[in-house]
Amino acid sequence: MPPTPKDRLAVALDLPSEHEAMNLVDRLGNTCRWFKVGMELYYAAGNNIVKKLHDRGFNIFLDLKLHDIPNTVAGAVRSATEAGASLLTIHAMGGRAMMTAAAEAASAPGSPRLLAVTVLTSMDANELAGIGITVSPADQVLRLAKVAQASGIDGMVCSPEEVAMLRKQTGPDTLLVIPGIRPAGAAIGDQKRIATPAQAIADGASMLVVGRPITRAADPAAAVQAILAEIEQAQLSPAPK
Ligand code: C5P
């Protein structure tokens with residue numbers, strides 16, 4: 001069965017406490033199916049919040065962006081598996097040995113699928129140059145994606161600007177998860193490489209991650225509904241480039 005719009009949207013619960021996160025979850029009701037738990041919430045609420053969301057029937061995308069030596073990352077993958085997450089991120093910048101160790105750890109039954117974060121959507125060419133990476137963000141994403149694929153990683157996180165290129169490179173089956181999504185008129189905040197939901201879907205995104213345009217909306221459930229409608233529309237008739 002093809003994925004429905006609900007399968008293709010993860011709401012980023014970037015909130016400082018379990019209480020605030022569960023309040024938002026309650027306000028969203030059953031409008032969404034996937035929640036992303038990132039560092040802010042996970043460091044405050046731990047596996048408890050993951051288990052709570054899991055028990056309520058939601059899918060959890062645990063965005064911990066693991067980046068350490070191979071042995072430590074493999075152990076972290078095993079610990080995260082116990083919480084019940086379906087997706088877990090690691091940094092592709094950790095390199096092939098680290099990603100291979102993570103993929104091996106995630107081959108155990110019940111493990112999450114792994115996504116390699118390529119270049120953060122808040123970084124542009126200037127930011128990359130500042131840390132000594134002088135190729136373009138697109139070239140760096142492509143290089144990291146190739147290493148991730150060769151290491152046995154299931155999918156990648158990249159910005160909307162690279163999704164079309166990466167879809168061509170990886171073929172139709174790789175999971176491409178895209179943050180930096182801004183519906184027309186939404187505040188951009190600290191993101192630099194952005195697109196609308198419709199454009200990202202048209203370019204080949206498997207799943208969109210949306211945080212502040214939903215979490216800071218006056219009516220978060222309505223914001224989710226509007227994004228789902230845009231995804232559905234894009235599935236029916238791809239947006240013009
Ligand atoms: O609020 P906003 O929609 O910008 O949130 C985007 C989410 O996606 C944040 O939780 C951020 O940590 C995450 N993310 C990102 N860029 C990446 C990987 C994850 O913005 N490359």
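Above this note sits the structure.
Values in this document were obtained by computation on a predicted structure and should not be read as measured data. (Residues numbered from 1 in each chain as written. Predicted model: local features only at pLDDT ≥ 70, side-chain atom pairs only at ≥ 80, totals over all residues. Heavy atoms only, no water.)

### A closer look at the overall build of the protein
Step number 1: A tally of helices and strands in the protein yields 10 helices and 8 strands.
Step number 2: Here the protein has a C-alpha radius of gyration of 17 Å; the compact-globule value for 241 residues is 18 Å, and the two agree.
Step number 3: Within the protein, buried positions represent 53% of all 241 residues.
Step number 4: The contacts of the protein with a sequence gap of at least 6 include a subset with a gap of at least 24, amounting to 69%. (Helix = DSSP H or I, 4+ residues; strand = E, 2+ residues; numbered from the N terminus. Rg over C-alpha atoms; globule rule 2.2 N^0.38 Å. Buried < 20%, exposed > 50% of the residue type's maximum accessible area, 1.4 Å probe, protein only. Contact = heavy atoms within 4.5 Å.)

### Regarding the pattern of salt bridges
Step number 1: For the structure on display, the rule yields 7 salt bridges.
Step number 2: For Lys192, the salt bridge is made with Glu127, and the minimal N-O distance between the two is 3.7 Å. With a gap of 65 residues between them, Lys192 in the loop between β7 (175-178) and α8 (197-202) and Glu127 in helix α5 (residues 125-130) connect regions that are remote in the sequence.
Step number 3: Among the charged side chains, a salt-bridge network with shared partners connects Lys36, Asp63 and Lys65. (Salt bridge = Lys/Arg side-chain N within 4 Å of Asp/Glu carboxyl O.)

### Here we look at helix α7 (residues 163-170)
Step number 1: Of the positions making up α7, those classed as buried are Val163, Leu166, Arg167 and Thr170. For α7, the arc enclosing every buried residue in end-on projection is 105 degrees, short of the 170-degree limit, so these residues lie on one face.
Step number 2: Looking at the buried side of α7, the elements it contacts are α6 (137-150), β6 (155-157), β7 and α8.
Step number 3: Gly171 lies just past α7 and shows a positive phi near 85 degrees. (Arc of directions from axis to C-beta.)

### Structural notes on the environment of Arg96
Step number 1: With respect to the element layout, Arg96 can be found in helix α4 (residues 95-105).
Step number 2: Residues contacting Arg96, with those up to four places away along its chain left out, are Val147, Ala150 and Ser151.

### Quick look at the site of the ligand
Step number 1: Around the ligand there are 18 residues in total, and Asp14, Lys36, Thr121, Arg182 and Arg212 lie nearest to it.
Step number 2: Contacts to the ligand include Arg182, whose side-chain N or O atom sits 2.7 Å from an oxygen atom.
Step number 3: Here Arg212 contributes a backbone N or O atom positioned 2.7 Å from an oxygen atom of the ligand.
Step number 4: Protein contacts shield 88% of the accessible area of the ligand, which totals 470 Å² for the unbound molecule.
Step number 5: Of all the secondary-structure elements, those providing two or more residues to the shell around the ligand are β3 (59-66), β8 (207-210) and α9 (212-215). (Near = heavy atom within 4 Å. Polar contact = N/O pair within 3.5 Å; in protein donor to acceptor, adjacent residues only side chain to side chain. Areas by Shrake-Rupley, 256 points an atom, 1.4 Å probe, with all protein chains shown as cover.)

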